[in-house]
Amino acid sequence: MLHNLSVGELAERLRSRELSSVELTRHFVERIERLNPALNALITLTADAALAAAAAADRRLASGEHGPLLGIPLIHKDIFCTDGVRTSCGSRMLDNFVAPYDATVVARLKAAGAVMLGKANMDEFAMGSSNETSYYGPVKNPWNIAKVPGGSSGGSAAAMAARLASFTTGTDTGGSIRQPAALTGVTGVKPTYGRVSRYGMIAFASSLDQAGVFARTAADAATVLKVIAGFDPLDSTSVDEPVPDYPAALDAPLSGMKIGLLREFFDGLEPRNAALIHDSLKVFTSLGAATMEVSLPHLPLSVPTYYVVAPAECSSNLSRFDGVRFGYRCDQPRDLADLYMRSRGEGFGPEVKRRIMTGTYVLSAGYFDAYYLKAQKVRRLITEDFRAAFERVDLLIGPTTPTPAFDIGAKIDDPVTMYLNDIYTIGANLAGLPGLSLPCGFVDGLPMGLQLIGPHFSEGRLLNAAHRYQRATEWHTHAPRGYER
Amino acid sequence: MIDWEVVIGLEIHAQLATRSKIFSGAATAYGAPPNTQASLVDLAYPGVLPVLNAEAVRMAVKFGLAIGATIARRSIFARKNYFYPDLPKGYQISQYEHPVVSRGSLKVLLDDGTVKTIGVTRAHLEEDAGKSLHEGLANASGIDLNRAGTPLLEIVSEPDMRSAKEAVAYMKKIHTLVRYLEICDGNMQEGSFRCDANVSVRPRGQEKFGTRAEIKNLNSFRFVEKAIQYEVARQVELIESGGRVVQETRLYDSDKDETRPMRSKEEANDYRYFPDPDLLPVEIDAGFIATVRATLPELPDEKAARFARDLGLSLYDAGVLSASRELGAYFEAVLTGLGKAHAKLAANWVMGELSSALNRDGVEITASRVSPAALGGLLARIVDETISGKIAKEVFEAMWAEGQGADDIIEKRGLKQITDSGAIEGVIDAVIAANPKQLADYRAGKDKLFQFFVGQVQKATKGKANPAQLNELLKTKLGGPA
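Residues numbered from 1 in each chain as written. Chains lettered and ligands numbered in written order. Predicted model: local features only at pLDDT ≥ 70, side-chain atom pairs only at ≥ 80, totals over all residues.

Asks: Got a minute to help me understand the overall build of chain A in this structure?
Replies: A tally of regular secondary structure across chain A gives 15 helices and eleven strands. The C-alpha extent of chain A, read off along each of the three principal axes, is 65 × 50 × 45 Å. Buried positions account for 62% of the 485 residues belonging to chain A. In chain A, 76% of the contacts between residues at least 6 apart in sequence involve partners at least 24 apart. (Helix = DSSP H or I, 4+ residues; strand = E, 2+ residues; numbered from the N terminus. Buried ≥ 20, exposed ≤ 12 C-beta atoms within 10 Å, placed from the backbone. Contact = placed C-beta atoms within 7 Å.)

Below you can see the structure in the form of structure tokens.
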């Protein structure tokens, strides 16, 4: 079936004209129409525009043009601005917002001829770990619709797992790609901070946000990352480093690679989950890698650090949503203060408000030093821990999440427990490092993720390791029941 | 009676003369229809990001070098958070703890001829806000975001000024400087150059500063002076009648000539500054500083010193002629033809006749109807005694009105000075003959009548008689009072 083919296989068929992009696009549109109502993975389906884009891709293919993503259908997380298409960011605040421009990620994929099928559901303003904070309702995990798919890119992950597109995009501020990738059994890559432009990606926490990819394989992720990565003059924090040929490096041998097992990630980890990680390590050893235990003493401080830094930045980033120029505006404001208070009070959901309030508090006079400044210091210590670790090893390995997908509703009223879901993923964001989650087995019939973290700009090495692992294992080939065919 | 000492510090906002905004590519031109010069970045659309305009940094560094300040090798943009409709992002991007320029100073010439050094604490880059429009809209306010994102250099002085006049002298000096450096057009009507004044009073001799009030948004030198004078009087009166000055922001009402407490833009004053994560720290290396330094023009103080030293001008004249780059250039161009020996003559004419004509007709010196070469030509005729200074004024007016050269006008109007002694003697003889009574009175001791005879002769010659010769000959002919 077309939806089970890799991006590489599809590109080959499109190139040989054995398959047209319109056929492929129709196939996915049909799947979305049939399967999405149970999953709620998409906020917006743009079937007509997708078919038009597919027809345009077919014309390019007919003229002899070809490219790794030309004619390949994808779904964007609804955090990326898409010209002429509603960009809601999962919020009532932007329910009526039609972006007047394309995000750089969107523009690059468009230029490569990839076909956007629609926009994926997400936690409101990317704040959440379960996709339950979306104004558009929770996304269901295709492996078990009583479970969450993770968040904040839960729609992108669920759509990928349910094979509603050949690949999907996401963003990762504290684990929002890796955690849902793990909980839905797909491969998710969060690149180095600055590797992919943030322009047009609605900001949550600017110093942590990074765009990335969900795919079924590391090889597909490598193909997509090569297209979206690279310096963007519109984003001052994007880095002017050449983009390596990720697909070309996928098969490099792992012999001599030194892999560090993160000691802190195993404290309190469920034995069945820990066993999966140890099994994975054996795979890497058999591929020629050497493993050793590594400690990052400040890593346990990453959750509290993150929950100061991220809300601080979000409290400021979300000030522009004031009901004045775009987005939600309350009915009949009495005066300016009323306009602000009711537009924001009615437009934002509870988790967003909680973070705005937390962020406002930690930046306030009298608290700034104790919270924000202290958090920045700890952030530097964590970064330094990683730097020291990468003097000894090429990459770090550990679980992506402490547990498999949990029940919808189980943690939504307990923010602190919810925040602990990101305990293994946040460190990479604080240090700006690339991270990758790939399926490594099942617990209670639910997929678990193996996380790889590397030094800055080591995406190629991470994808290489993941690809070699996927060549040696078959965890990534499993599809949730009902979504294989 | 307590002797009150006034303490003033100014925060000057100079709009930098970049073509595009500080963080977006939108134009900065003044006067465009509302919101036509606001890009998605200026409108703070979701997802957009600021990109620093390097030209604004270059201009700030240029200013820093001109006041002998420290240029930060690493400066940081911070967000100043508050809600207001003309502030689209809900925060202003400014510099807080690490400004690009710090610890400079400049010298100000005071009325009594003394020179005072005023410290500049810092100068930092920031973006301007938009404008709220309340007129012509029923039950609503409009917002024009054309100005949002316009680059500003906020220049913060030390509390070094001790009178409204000193404050004005300092502000004028900065105004001169930013125009010299071509980093600000200095247009105060359009708001390109404005200031906030921090004013307090204390009993003379007391070390501790009094509580200050900040007067916002003063956009003319006159308003600065009057607002400070009013504020000082208000504070003194308040304290002397048993009250206390409260630290607050006030607005100056020029119609009523008074300051009033301003309703604060935001309820609380906690701006929650933190480094802007969308912008990298600004790294400035020695090479960049050297490049900018190489573009520095001769600065006003240097030019004035040179005028005084090389041309023998008074400090006052040298100061006036170096007050703008254009004026200095005009003056020097006059000297090119005329020669440095006649600098004082040229200075008098540029500051006198030329300046009044420019002021009268509202013409910029760069558009003067009498070119520096033409003025030099006119002054050369005074020097070579073709015409007298008095006739020269008449010629200048004609040059101004008709655009012709001095020689043409002198020729056409027959204004050439009479230096032929015989001719002057003839006129003197006729005048003496026609005025026997005055002659008698003069000789009887009414020596003031000498001027009467000078006047009569000049009247007869239409002012063309060489004054020195005329005096000489007339003395001989009248034979002095008996």
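Asks: What is the right way to look at the overall build of chain B in this model?
Replies: Within chain B one finds 15 helices and 16 strands. Scaling as 2.2 N^0.38, a compact globule of 482 residues should have a C-alpha radius of gyration of about 23 Å, whereas chain B reaches 30 Å, well beyond that. Principal-axis analysis of the C-alpha atoms gives chain B an extent of 95 × 55 × 55 Å. Each of the 482 residues in chain B was classed as buried or not, and the buried ones make up 40%. (Rg over C-alpha atoms; globule rule 2.2 N^0.38 Å.)

Asks: How should the sheet that holds strand 8 (residues 290–294) of chain A be read in this particular structure?
Replies: Strand pairing in a sheet takes place through backbone hydrogen bonds and is either antiparallel or parallel in direction. Residue and element names in this part refer to chain A. Spatial strand order, 1-3-2-4-6-5-10-11-9-7-8: eleven strands in an open sheet with mixed pairing. Looking at which strands have only one partner, the edges of the open sheet turn out to be strand 1 (42–45) and strand 8. Going across the sheet, the axis of each strand differs from the next one's by a mean of 30°, ignoring polarity. Where strand 5 (residues 187–190) meets strand 6 (residues 211–215), three bridges bridge the pair, whose relative direction is antiparallel. (Pairing = 2+ DSSP bridges. Axes fitted to C-alpha atoms, helices over the stretch in contact; angles between N-to-C directions.)

Asks: Explain the environment of Asp257(B) to me, please; I cannot follow it from the model alone.
Replies: Residues and elements named next belong to chain B. Relative to the helices and strands, Asp257 is located in the loop between strand 13 (248–253) and strand 14 (258–261). By C-beta crowding, Asp257 is classed as exposed, having 12 other C-beta atoms within 10 Å. Along the backbone, Asp257 and Thr336 are 79 residues apart, and their C-alpha atoms lie at a distance of 47 Å.

Asks: For this particular structure, what's the right way to read the interface of chain A and chain B?
Replies: Put simply, an interface is often sized by how much accessible area is lost when its parts join up. Contacts between the two partners involve 34 residues from chain A, matched on the other side by 24 residues from chain B. Those elements that place two or more of their residues in the side of chain A that touches chain B are helix 9 (302–317), helix 10 (336–347) and helix 11 (350–363) of chain A. For the side of chain A that touches chain B, the leading source of residues is helix 9 of chain A, giving three residues. By residue class, the composition of the side of chain A that touches chain B is 19 nonpolar, nine polar and six charged. (Nonpolar A, V, L, I, M, F, W, Y, C, P; charged D, E, K, R; others polar.)

Asks: Explanation requested: the sheet that holds strand 4 (residues 77–81) of chain B in the structure shown.
Replies: Residue and element names in this part refer to chain B. The sheet built from three strands is open, its strands ordered 5-4-15 with antiparallel pairing. Because the sheet does not close on itself, it has two edges, and the strands there are strand 5 (91–95) and strand 15 (274–275). Both strand 4 and strand 15 contribute to a ladder of two bridges, which runs antiparallel. Opposite Arg79, over in strand 15, you have Phe274 as the bridge partner.

Asks: Teacher, can you tell me more about the domain arrangement of chain B here?
Replies: Residue and element names in this part refer to chain B. Here chain B is described as being made up of domain 1 (4–292), domain 2 (298–413) and domain 3 (421–478). Between the C-alpha centres of domain 2 and domain 3 the distance comes to 33 Å. Contacts between the two partners involve four residues from domain 2 and, on the opposite side, four residues from domain 3. (Domains from an automatic or database assignment.)

Asks: Mind showing me how you'd approach the packing of helix 1 (residues 54–66) of chain B against helix 4 (residues 286–294) of chain B here?
Replies: Helix-helix packing is characterised by the crossing angle of the two axes and by the distance between the axes. Residue and element names in this part refer to chain B. Between helix 1 and helix 4, whose axes approach to 9 Å, the crossing angle comes to 70°. By the angle between their axes, helix 1 is roughly perpendicular relative to helix 4. Together, Arg58, Val61, Lys62 and Leu65 of helix 1 and Ile289, Val292 and Arg293 of helix 4 make up the contact between the two elements. Considered class by class, the residues forming the contact of helix 1 with helix 4 number four nonpolar, no polar and three charged. (Parallel < 35°, antiparallel > 145°, perpendicular 65-115°, else oblique.)

Asks: Just checking my understanding: could you explain the pairing of strand 11 (residues 193–203) of chain B for this structure?
Replies: Two faces, one strand: in a regular strand the side chains alternate between the faces of the sheet. Residue and element names in this part refer to chain B. Taking burial as the measure, the eleven residues of strand 11 include eight buried ones, the bulk of the element. Here strand 11 runs beside strand 12 (residues 213–218); their pairing, made up of four bridges, is antiparallel. Note that in strand 12 the partner of Ala197 across the bridge is Ile215.

Asks: Teacher, can you tell me more about the pairing of strand 9 (residues 395–399) of chain A here?
Replies: Residues and elements named next belong to chain A. The element strand 9 is extensively covered by neighbouring structure, given that five of its five residues are classed as buried. Here four bridges tie strand 9 to strand 11 (residues 446–453), and the two strands are oriented antiparallel to one another. Within strand 11, the residue paired with Pro399 across the bridge is Leu450.

Asks: In this structure, what is going on with helix 7 (residues 218–228) of chain A? I would like to understand it.
Replies: Residue pairs spaced three or four apart in an α-helix point in one direction, given the helix's 3.6 residues per turn. All names here are of chain A. The buried fraction of helix 7 amounts to eleven of the eleven residues, a majority that puts the element mostly inside the structure. Looking at helix 7, one finds that the buried residues are Ala218, Ala219, Asp220, Ala221, Ala222, Thr223, Val224, Leu225, Lys226, Val227 and Ile228. With its phi angle positive at about 125°, Gly230 sits one or two positions after the end of helix 7.

Asks: What is the right way to look at the nonpolar core in this model?
Replies: Nonpolar side chains tend to gather and get buried jointly when the protein is soluble and globular. All names here are of chain B. Judged by nonpolar contacts, the single largest core of 229 residues is most densely connected at Ala60, Phe63, Ala167 and Ala197. For this core, the leading source of residues is helix 2 (residues 164–180), giving nine residues. When sequence neighbours within four positions are dropped, the list of residues in contact with Phe63 reads Val101, Ala123, Leu153, Val178, Leu181 and Ile183. The next biggest cluster of nonpolar side chains, apart from the first, holds 36 residues, and it includes Leu311, Leu354, Val395 and Ile409. (Core = buried A, V, L, I, M, F, W, Y, C linked by C-beta atoms within 7 Å.)

Asks: Could you clarify how one ought to interpret helix 8 (residues 343–361) of chain B in this entry?
Replies: All names here are of chain B. An ideal rise of 1.5 Å per residue puts 27 Å on 19 residues; helix 8 measures up with 25 Å between its terminal C-alpha atoms. All of the buried residues in helix 8 are Ala343, Ala346, Ala347, Trp349, Val350, Leu354 and Leu358. In the segment just after helix 8, Gly362 is the residue with positive phi, at about 60°. (Expected span 1.5 Å × (residues − 1).)

Asks: Is there a simple way to think about unusual backbone geometry in this case?
Replies: When glycine is set aside, most residues are seen to have a negative phi, and most peptide bonds are trans. Residues Gly151(A) and Ser152(A) are joined by a peptide bond in cis, for which omega reads 5°. Relative to the elements of secondary structure, Ser152(A) occurs in the loop between strand 3 (115–120) and helix 5 (154–161). Of note, Glu182(B) is a non-glycine position whose phi angle comes to about 55°, a positive value. With respect to the element layout, Glu182(B) can be found in the loop between helix 2 and strand 11.

Asks: Could you clarify how one ought to interpret the environment of Leu338(B) in this entry?
Replies: Residue and element names in this part refer to chain B. Note on placement: Leu338 falls in helix 7 (residues 325–338). Its 23 C-beta neighbours within 10 Å are what place Leu338 among the buried residues. Sequence separation of Leu338 and Leu375 is 37 residues, and the distance between their C-alpha atoms is 9.2 Å. Residue contacts for Leu338: discarding those within four places in its chain leaves Ala346, Gly376, Leu379 and Ala380.

Asks: I keep staring at the confidence of the model for chain B and nothing clicks. Help me out?
Replies: Predicted coordinates in areas of low pLDDT are best not read in detail. Predicted confidence across chain B gives a mean pLDDT of 92, with 98% of residues reaching 70 or more. The ipTM for the predicted assembly is 0.96, set against a pTM of 0.90. (pLDDT = per-residue confidence, 0-100.)

Asks: What am I meant to see in the packing of helix 13 (residues 436–443) of chain B against helix 14 (residues 449–460) of chain B here?
Replies: Residue and element names in this part refer to chain B. Where helix 13 meets helix 14, the axes come as close as 9 Å, and the angle between the chain directions of the two elements is 145°. Along this stretch, helix 13 crosses helix 14, giving a crossing that reads as left-handed. Of the residues in helix 14, those touching helix 13 at Gln438, Asp441 and Tyr442 are Leu449, Phe450 and Phe452. When the residues that make up the contact of helix 13 with helix 14 are grouped by side-chain class, the tally is four nonpolar, one polar and one charged. (Left-handed = near helix turned anticlockwise from the far one by under 90°.)

Asks: What is the right way to read the environment of Gly84(A) from this model?
Replies: Counting through the fold element by element, Gly84(A) comes out in the loop between strand 2 (73–77) and helix 4 (104–111). Distance from Gly84(A) to Asp102(A), taken between C-alpha atoms, is 8.6 Å for residues 18 residues apart in sequence.

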